[in-house]
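Next come the chains, spelled out residue by residue.
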Amino acid sequence: MMKWWMVRAGDQNELIPFWKQKGVASIGWAEFGDPKNYSTREALIEKAHKIYEEEKPATRITWASQVWRFSREIKVGDRIITYAKDKREYLIGTVTKEHEYNETIVSEYYPNVIHIKWEKKQIPRDQLSQGAKNSLGSTLTVFRVDDWGEELERLLAGEEPVVSEPEDNEEEVIKEDFVQKALTMIQDKVDKLDPWQMQELVAGLLQAMGYNVKVSKKGPDGGVDILAHKDAFGFEKPIIKVQVKHRKSASSGPEVQQLLGAHPIDANSLFVSTGGFTTAAENIGKQHNVKLIDLEELVNLIVQWYDRMPNETRSLLPLQKIYIPE
């Protein structure tokens with residue numbers, strides 16, 4: 001099945017002349033080396049946590065995911081679209097050869113390359129529907145734009161595009177973009193909490209879910225930061241033991257093993273790591289049914305349960321509710 005992809009040509013569109021001349025599209029992140037050397041997306045993310053330590057965890061995951069898509073998911077026959085800011089027009093092409101890692105085709109800074117047969121005709125931005133303009137305006141380097149393929153093909157053919165319910169499409173795109181930006185802002189706020197505040201935040205989330213919690217005091221915790229249980233005395237199962245790691249580096253396999261071996265042995269295990277997890281940690285989690293939660297999933301849960309969190313927990317992360325039309 002043919003897919004449509006937006007691939008951005010650098011912040012200043014400096015790559016477009018090379019792309020058109022050599023019949024390619026390319027992206028950077030050369031620090032990864034050849035992404036084909038990574039067997040899974042998770043392994044690529046693990047590498048991102050090591051080489052981009054100065055960046056936020058969510059940013060590292062986003063970058064690795066875009067490199068993975070470009071190198072593994074774009075196939076021959078897929079359609080590629082990019083935007084020339086200076087001319088305010090879109091270029092469209094078809095993939096003729098899938099990913100290769102080559103530092104000589106474009107440059108050593110943009111070594112990830114796919115081969116493209118570019119259309120001679122370009123589409124002025126003014127011809128697109130408002131919904132397409134909003135969707136194609138995402139700041140990501142690589143992302144799917146399948147919903148606008150038919151409109152783009154009709155414009156290429158010189159036909160009037162059939163745009164169904166443009167106002168609804170526009171509102172939906174704006175809403176999705178707004179939500180994603182809001183979640184990213186919340187991730188940034190959570191990232192600024194200190195380790196003890198993060199521990200309290202996770203405890204408050206569990207309270208919102210209906211659990212009684214006991215938070216470990218500062219100092220050695222024996223591998224368990226929080227104990228959560230359904231009854232006031234802590235007898236009723238399920239009992240959940242929780243480890244919280246708030247740092248930039250990914251949590252490792254031995255750390256997950258430590259949680260599994262911590263008292264109580266028969267409790268369910270929950271590991272929260274804002275820096276993500278190594279492949280070894282994820283494998284151990286799957287084998288032993290340990291629930292692993294990274295920064296992105298933690299923020300999604302916080303948003304879902306925020307109204308039920310204790311006031312003292314919400315004071316750590318003040319959020320404001322905004323209403324938008326359905």
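Heads up: the structure comes first, above all this text.
Heads up: these notes are all about the structure in this document. (Residues numbered from 1 in each chain as written. Predicted model: local features only at pLDDT ≥ 70, side-chain atom pairs only at ≥ 80, totals over all residues. Heavy atoms only, no water.)

Re unusual backbone geometry
Stage number 1. The peptide bond linking histidine 263 to proline 264 adopts the cis configuration, its omega dihedral lying at 0°.
Stage number 2. Locating proline 264 in the fold gives a position in the loop between α8 (253-261) and β11 (268-273).
Stage number 3. You will see that tryptophan 29, though not glycine, has its phi angle at about 55°, which is positive.
Stage number 4. With respect to the helices and strands, the residue tryptophan 29 is situated in the loop between β2 (24-27) and α2 (41-51).
Stage number 5. Residue classification places tryptophan 29 among the buried residues on the basis of a relative accessible area of 15%.
Stage number 6. Its identity as a non-glycine residue notwithstanding, arginine 88 has a phi of 55°, on the positive side.
Stage number 7. Note on arginine 88: relative accessible area 43%, which makes it partly exposed. (Helix = DSSP H or I, 4+ residues; strand = E, 2+ residues; numbered from the N terminus. Buried < 20%, exposed > 50% of the residue type's maximum accessible area, 1.4 Å probe, protein only.)

Comments concerning a nonpolar patch on the surface
Stage number 1. Side chains of Phe178, Val179, Ile322 and Ile324 sit close together on the surface and give an oily, nonpolar patch of about 330 Å² of accessible area.
Stage number 2. Assignment of secondary structure puts phenylalanine 178 in helix α6 (residues 166-191). (Patch = residues over 30% accessible without salt bridge, like charges linked within 9 Å, V, L, I, M, F, W, Y side chains within 5 Å. Areas by Shrake-Rupley, 256 points an atom, 1.4 Å probe, with all protein chains shown as cover. Salt bridge = Lys/Arg side-chain N within 4 Å of Asp/Glu carboxyl O.)

Some thoughts on the pattern of salt bridges
Stage number 1. By the definition in use, this model includes 12 salt bridges.
Stage number 2. Here arginine 79 ties to glutamate 119 by a salt bridge, and the two come within 3.0 Å at their closest N and O atoms. Placement of the pair is arginine 79 in strand β3 (residues 79-84) and glutamate 119 in the loop between β5 (112-118) and β6 (123-124), with a sequence separation of 40 residues.
Stage number 3. Of the residues examined, arginine 79 reaches a relative accessible area of 6% and is grouped as buried.
Stage number 4. A single network of salt bridges, built from pairs that share partners, joins Arg79, Glu119 and Glu153.

Structural measurements only, silent on function.
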